Amino acid sequence: MYSPKLSILLAALPESRAGQLRMLAPKGTRLVSVPSFGHLQWPACDIIIMGDNAGLPPAEVRRLAPSAALYLVTGHEEALDPDTLSLFREVWPARMTDVLWDYRLRRMLADFLARKESYYYRSALDTIINTLPDLVWFKDVKGDHLKVNNAFCDFVGKPREDVEGHDHYYIWDITEEAYRNGDFICLETDAEVLRQGETCLFDERVDKADGPRTLSVYKSPLRDEDGSAIGTVAVAHDATDEINLKRQIDAMAFSDPLTGLYNRYAFYMMLAHERKTLRVTVILFDLDHLRLVNECFGHQAGDEAILRFSQLLREAFPDNICVRMNGDVFAVAVLGDVERTKITAPLDGLFSRLKKSFSAKKTLNILAVSVGIADTPNPSQPVDDVICRCSYAVAHLKRRNGFTIALDPTKPPSPILLELLRAKADSAYCFYDDLPR
């Protein structure tokens with residue numbers, strides 16, 4: 001990966017030994033050979049190889065060079081006590097052939113370079129995961145967190161020493177019982193990743209002091225050299241704000257801003273998705289004389305009428321798709337085979353509550369609703385064909401009840417006309433199939 005720059009100090013060793021080391025050391029190595037430590041100005045050393053007559057006791061050398069790897073070449077191995085031996089990485093006999101010395105040096109250099117490479121990889125890993133704004137954690141197969149990044153510590157609000165080495169329950173301050181009784185899946189997804197043996201994506205809920213959060217988590221299995229699973233690694237993004245924003249956008253795209261009912265676009269999308277092979281029945285509502293309310297009493301009164309009707313429509317058909325198609329036209333879609341009474345009974349209740357609600361207010365008591373009902377068992381028949389039949393039934397009702405009124409837009413409606421409309425403000429429904437052909 002990177003080419004490390006070695007610094008090696010030899011003390012009290014023959015020059016021939018130093019010469020062999022110079023030939024084997026990587027390019028760029030700084031090698032100093034001295035007869036003894038004496039009054040040496042200690043350089044920063046990676047490796048120190050010292051003989052018996054180096055001039056300083058091993059403990060002092062260790063004090064002066066605490067991070068260096070110490071090697072001792074001695075003819076007095078039997079005199080070394082355990083405390084002294086513990087200061088050295090290796091102890092070599094002074095009587096070695098050139099071949100054995102060469103072998104020892106190669107192993108020493110390989111070991112050092114491997115440790116350097118391991119350090120670089122650890123450093124690179126730490127730098128990478130702590131640079132990421134997303135959460136990163138490593139777990140063993142038992143579920144203990146072996147390593148986490150700074151973003152993880154910030155997210156859980158705990159220092160690293162209070163996270164690494166601990167399990168899910170401890171870190172998230174949750175009991176096993178609360179975990180089992182909640183909609184948490186973090187531990188189950190760990191097991192699923194190990195079972196599948198590949199990277200998986202999950203949405204996982206966690207609870208924080210400021211409320212629940214949803215993490216979008218990529219998890220992968222970690223394997224030993226023999227292929228056996230030793231744990232998992234996860235990278236998680238806090239997707240809560242994005243999910244909430246998407247819900248808001250979806251609500252804006254699929255709902256009517258005034259009533260909160262589904263809009264025309266949502267009506268077609270939901271039927272396309274849910275209709276499949278089911279019979280579809282459309283109930284089309286035309287709020288009669290809403291334009292007249294707007295012109296006589298203002299759009300605020302018209303909006304109040306729409307809101308009252310929308311609420312009552314929801315209550316009458318709570319399990320069906322309720323839609324505001326446009327200004328004064330609403331629809332309900334019923335999927336599946338239903339008896340007429342399942343439609344007429346809610347309508348009768350709706351008409352009764354509408355009359356009570358509208359008649360109680362002078363600005364709304366001219367309103368009524370004309371309802372056309374049509375259906376089709378044919379899943380390939382366009383919904384627009386069904387809506388056209390509903391519209392035909394609504395038009396039939398309006399003609400029959402005298403609700404088609406031509407108004408002069410330059411003159412306000414007369415009080416007599418308003419009284420007449422109040423007297424005739426009765427809602428009605430008509431099934432397209434009942435109309436004469």
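These lines cover the structure that appears in this document, whether it is placed above or below. It should be emphasised that the depicted structure is a prediction, and the values quoted were computed from it without experimental measurement.

A look at a nonpolar patch on the surface
Right, on to step 1. On the surface, Leu 201, Tyr 218 and Val 235 cluster together to form a nonpolar patch covering roughly 280 Å² of accessible area.
Right, on to step 2. Assignment of secondary structure puts Tyr 218 in strand E9 (residues 211–223).

Observations concerning the sheet that holds strand E2 (residues 30–34)
Two modes of strand pairing occur in sheets, parallel and antiparallel, and in both the strands are linked by backbone hydrogen bonds.
Right, on to step 1. One open sheet holds the five strands; their spatial order is E2-E1-E3-E4-E5, and the pairing between them is parallel. This sheet does not close on itself; its edge strands, each paired only once, are E2 and strand E5 (90–93). The average undirected angle you get between the axes of adjacent strands in this sheet is 15 degrees.
Right, on to step 2. Alignment of strand E1 (residues 7–11) against strand E3 (residues 47–50), held across four bridges, turns out to be parallel.

Thoughts on the sheet that holds strand E11 (residues 262–263)
Right, on to step 1. With respect to topology, six strands assemble into an open sheet ordered E11-E13-E14-E12-E15-E16, the strand pairing being mixed. A strand with exactly one partner marks an edge of an open sheet, and here the two such strands are E11 and strand E16 (428–431).
Right, on to step 2. As paired strands, E11 and strand E13 (residues 321–324) are joined by two bridges and run parallel to one another. Each residue of the ladder has a partner; that of Asn 263, found in E13, is Arg 324.
Right, on to step 3. Against the sheet, helix H13 (residues 341–359) contacts strand E12 (280–288), strand E15 (368–376) and E16, and its axis sits at roughly 155 degrees relative to E16.

Let's talk about helix H1 (residues 15–24)
Residues lying three or four places apart along an α-helix face the same way, a consequence of the helix completing one turn every 3.6 residues.
Right, on to step 1. Listed as buried for H1 are Arg 17, Ala 18, Gln 20, Leu 21 and Leu 24. Each buried residue of H1 lies within a common arc of 160 degrees when the element is viewed along its axis, so the set occupies one face.
Right, on to step 2. As for H1, its buried residues are in contact with E1, E2, E3 and helix H4 (98–131).

Thoughts on the pairing of E9
Right, on to step 1. In the sheet, strand E8 (residues 200–208) pairs with E9 via nine bridges, with the strands oriented antiparallel. Across the sheet, Asp 203 pairs through a bridge with Ser 216, a residue of E9.
Right, on to step 2. Linkage of E8 to E9, two consecutive antiparallel strands, is achieved through a turn of two residues.
Right, on to step 3. In terms of strand pairing, E9 meets strand E10 (residues 229–238) through nine bridges, oriented antiparallel.

A closer look at the environment of Met 269
Right, on to step 1. As for its position among the elements, Met 269 is in helix H10 (residues 264–274).
Right, on to step 2. Between the alpha carbons of Met 269 and Gln 300 there is a distance of 31 Å; along the sequence they are 31 residues apart.

Let's talk about the pattern of salt bridges
Right, on to step 1. Tallying each qualifying case throughout the model produces 27 salt bridges.
Right, on to step 2. Here Glu 60 and Arg 63 are joined by a salt bridge, their closest N and O atoms 2.5 Å apart. Of this pair, Glu 60 and Arg 63 both sit in helix H2 (residues 58–64), separated by three residues, roughly a single helical turn.
Right, on to step 3. One salt bridge connects Lys 158 with Asp 173, and the closest N-O pair in it is separated by 3.1 Å. One end of the pair, Lys 158, is in the loop between helix H5 (150–156) and helix H6 (168–171); the other, Asp 173, is in the loop between H6 and helix H7 (176–181), and 15 residues separate them in sequence.
Right, on to step 4. Taking the relative accessible area as the measure of exposure, Lys 158 reaches 11% and is therefore buried.
Right, on to step 5. Overall, the relative accessible area of 63% leaves Asp 173 in the exposed class.
Right, on to step 6. Connected through salt bridges with shared partners, the residues Lys 139, Asp 190, Glu 204 and Lys 219 form a single ionic network.

Examining the nonpolar core
Right, on to step 1. One finds Ile 283, Phe 285, Phe 309, Leu 313, Phe 317, Leu 347 and Leu 350 to be the most contacted residues of the largest nonpolar core, which totals 32 residues.
Right, on to step 2. Among the secondary structure elements, those contributing two or more residues to this core are E12, helix H11 (290–297), helix H12 (299–316), strand E14 (329–335), H13 and E15.
Right, on to step 3. Considering every element that reaches this core, the biggest residue donor is H12, with seven residues.
Right, on to step 4. Once you skip the residues sitting within four places of it in the chain, Leu 347 turns out to touch Ile 283, Phe 285, Phe 317, Val 371, Ile 373 and Tyr 429.
Right, on to step 5. Counting residues in each nonpolar core, the second largest holds 23 residues, with Val 386, Ile 387, Cys 390 and Ala 428 among its members.

Concerning the packing of aromatic side chains
Where two aromatic rings form a pair, the distance of their centres and the angle of their planes describe that pair.
Right, on to step 1. One pass over the full model with this rule turns up 16 aromatic pairs.
Right, on to step 2. Ring geometry for Tyr 71 against Trp 92: centres 5.3 Å apart, planes inclined by 45 degrees, an arrangement best described as tilted. In this pair, Tyr 71 is assigned in strand E4 (residues 69–74) and Trp 92 in strand E5, connecting sequence segments 21 residues apart. Of the two residues examined, Tyr 71 and Trp 92, each falls in the buried class.
Right, on to step 3. A network of ring pairs unites the aromatic residues Trp 137, Phe 152, Phe 155 and Trp 172 as a single cluster.
Right, on to step 4. The positively charged end of Lys 158 is found above the aromatic ring belonging to Tyr 170, 4.6 Å away from the centroid.
Right, on to step 5. Its end group placed over the ring of Phe 155, Lys 208 keeps NZ or CZ at 4.0 Å from the ring centre.

Reading guide: rules and limits
- Residues numbered from 1 in each chain as written.
- Predicted model: local features only at pLDDT ≥ 70, side-chain atom pairs only at ≥ 80, totals over all residues.
- Heavy atoms only, no water.
- Patch = residues over 30% accessible without salt bridge, like charges linked within 9 Å, V, L, I, M, F, W, Y side chains within 5 Å.
- Areas by Shrake-Rupley, 256 points an atom, 1.4 Å probe, with all protein chains shown as cover.
- Salt bridge = Lys/Arg side-chain N within 4 Å of Asp/Glu carboxyl O.
- Helix = DSSP H or I, 4+ residues; strand = E, 2+ residues; numbered from the N terminus.
- Pairing = 2+ DSSP bridges.
- Axes fitted to C-alpha atoms, helices over the stretch in contact; angles between N-to-C directions.
- Contact = heavy atoms within 4.5 Å.
- Buried < 20%, exposed > 50% of the residue type's maximum accessible area, 1.4 Å probe, protein only.
- Arc of directions from axis to C-beta.
- Core = buried A, V, L, I, M, F, W, Y, C linked by side-chain atoms within 4.5 Å.
- Phe/Tyr/Trp six-rings, centres within 6.5 Å; stacked < 30°, edge-to-face > 60°.
- Lys NZ or Arg CZ within 6 Å of the ring centre and 35° of its normal.

Function cannot be read off these values alone, since they describe shape.
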